[in-house]
Amino acid sequence: MSIWSRIAAALSALASGESLGDVFDRLRSAPERSVAFTIAVIALGAKVSKADGQVTRDEVAAFRQVFSIPKEEEANAARVFNLARQDVAGFEEYAARIGRMFSDRPDVLTDLLEGLFHIAMADGEYHPAEDDFLARVAGIFEIPDLEFRRLRARFVPDAAPDPFAVLGVPPDASMEDIRRVWRQLVRDSHPDRMIARGLPEEAVKMAEKRLIAINRAWEEISEGRAA
């Protein structure tokens, strides 16, 4: 059964008056976490796409970049998006539920925040309301500020990404420490490790883009220190 078929099954189990939050609560067990991760990205993505006051076609299309959605499954993805967009619950409630669900897997929460950055930047602009949204989600997820700034440096094109921010190291760090952090980030972003963490194919694709940014930052720092 595909992940989208499993999402459809989860949605079909919604009783009258239930919300996506109730679905999240039922998907706590390890075998279902990849389904929960996918729903979480779509649900919170719907919220971040409204953070600047409007939902653009580019932001909706971003889901097709984050996810490989088969034509026959687009209706299921759209249903999750619309349920979250119309839900009266604020994004804090969604974030808190997801944070509790993955409290033992902070790496998954970081992956989810990465997906939200991708959706927020889909229209080519980074609105202050989106920055506030993502910063508050990061706080609820208990993601360190340095990690949040590292992600923002990779996604927000308001300036050339600071390679130190991309790697999450201070500018005065030794080359030995920077090399250690770079190697750990490369290991953590390896596709085999991502798959072992139970993440869907879409998250693995995001990790491949992350690897490019990580290696580019390492090369820039190495060349700068050698000059």
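Note that this is a predicted model, so its numbers are computed, not measured.

Caption draft 1: Spatial organisation of the overall build of the chain. Counting secondary structure elements, the chain contains 13 helices and 0 strands. Of the regular secondary structure in the chain, the N- to C-terminal order runs α-α-α-α-α-α-α-α-α-α-α-α-α. The buried share of the chain, reckoned over its 227 residues, is 49%. Here the analysis covers contacts within the chain between residues at least 6 apart in sequence; of these, 73% occur between residues at least 24 apart.

Caption draft 2: Representation of a negative patch on the surface. A surface patch of negative charge is lined by D162, E219, E220 and E223. Secondary-structure assignment places E219 in helix α13 (residues 201-226).

Caption draft 3: Looking closely at the packing of aromatic side chains. Taken as a whole and assessed by the stated rule, the structure comprises 5 aromatic pairs. A ring pair is formed by F117 and Y126, whose centres lie 6.2 Å apart and whose planes are at 20 degrees; its orientation type is stacked. What makes F117 buried here is its relative accessible area of 0%. Residues W182 and W218 carry aromatic rings whose centres are separated by 4.6 Å and whose planes lie at 5 degrees to one another, so their mutual orientation is stacked. Of this pair, W182 sits in helix α11 (residues 175-188) while W218 sits in helix α13, and the two are 36 residues apart along the sequence. Taking the relative accessible area as the measure of exposure, W182 reaches 18% and is therefore buried. An aromatic cluster is present here, built from F117, Y126, F148 and F155 joined pairwise through their rings.

Rules of the game
- Residues numbered from 1 in each chain as written.
- Predicted model: local features only at pLDDT ≥ 70, side-chain atom pairs only at ≥ 80, totals over all residues.
- Heavy atoms only, no water.
- Helix = DSSP H or I, 4+ residues; strand = E, 2+ residues; numbered from the N terminus.
- Buried < 20%, exposed > 50% of the residue type's maximum accessible area, 1.4 Å probe, protein only.
- Contact = heavy atoms within 4.5 Å.
- Patch = residues over 30% accessible without salt bridge, like charges linked within 9 Å, V, L, I, M, F, W, Y side chains within 5 Å.
- Areas by Shrake-Rupley, 256 points an atom, 1.4 Å probe, with all protein chains shown as cover.
- Salt bridge = Lys/Arg side-chain N within 4 Å of Asp/Glu carboxyl O.
- Lys, Arg positive; Asp, Glu negative; His and termini not counted.
- Charge placed at Lys NZ, Arg CZ, Asp CG, Glu CD.
- Phe/Tyr/Trp six-rings, centres within 6.5 Å; stacked < 30°, edge-to-face > 60°.

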